Amino acid sequence: METLLVTAEGQTAGRGRVGKSFSSEKGNGLYMTVAFFVGKRPEESLFITTAAAVAVLETLEKAGSGDLKIKWVNDIFQNDRKVCGILTEAVTDKDTYLMEYAVVGVGINIDADIKRLPDIAGTLRNLSVPKEELAVKLAEKIKEYSLMAIASDHGRTEILEAYRRKSLMTGRDVYWEENDSMTTGVAVGIDEECRLIVDTGEGRRTLDSGYISVKPLI
């Protein structure tokens, strides 16, 4: 198997990062998983999530979504509302420890009833591409950008520059849970490893994992 694409009209147990749920009622959007061969060491494949976020954003904008932003690490927002979630996982060979396949799940709210969505969620409307065709375009672009990002330093640089241009985070107040308490700061940038740089007022922190919330613009 080189590439596998699976789509669904809805999910009974949509799952996001760190175990969070993802609203995915039938008819409310496009829900898909694309798996493709990688054959690299895990440390060589760290930019797949970054590449997937850029690929999804660019594909949706070309389909007429309007301006979109990336919330670190892998959510797509429009007008400060989440319209797409991306979850990347791996299939690893138990003998070689190589990452055999990347498995990228994408859930997009399209023409959804906004009243049935969580408060933070939004929906895309009036896309120019049917869902079935859009799923294929997304799968192709995710695979293309992911393999480009892990093939060379130049590819990673291109992906990272695109990610930074579309970042929702820079200059925004953010908060996250740490040691059973909430820590706050201002996001000031994305470093060369796609880690979030935050100014806490007592110095700068570099975050490489975890769930970050963005304070809404007033």
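Summary of the structure given here.

Rules behind the numbers
Residues numbered from 1 in each chain as written. Predicted model: local features only at pLDDT ≥ 70, side-chain atom pairs only at ≥ 80, totals over all residues. Heavy atoms only, no water. Pairing = 2+ DSSP bridges. Helix = DSSP H or I, 4+ residues; strand = E, 2+ residues; numbered from the N terminus. Axes fitted to C-alpha atoms, helices over the stretch in contact; angles between N-to-C directions. Contact = heavy atoms within 4.5 Å. Disulfide = S-S within 2.5 Å.

### Overview of the sheet that holds strand β2 (residues 29–40)
Item 1. Taken in spatial order, the six strands line up as β1-β2-β6-β5-β4-β3 in an open sheet, and their pairing is antiparallel. Pairing within the sheet leaves two strands with one partner each, and these edge strands are β1 (3–8) and β3 (69–71). Pairs of neighbouring strands in the sheet enclose a mean axial angle of 20°, with direction left out of account.
Item 2. Here strand β4 (residues 75–78) pairs with strand β5 (residues 81–92) via four bridges, running antiparallel. Following the sheet pairing, Phe77 is matched in β5 by Lys82.
Item 3. Sitting on the sheet, helix α2 (residues 131–151) is in contact with β1, β2 and β6 (99–109), with an inclination near 30° to β2.

### Remarks on the state of the cysteines
Item 1. Per the counting criterion, the structure on display carries zero disulfides.
Item 2. Among the cysteines around Cys84, which has no disulfide bond, Cys194 carries the closest sulfur, lying 16 Å off.

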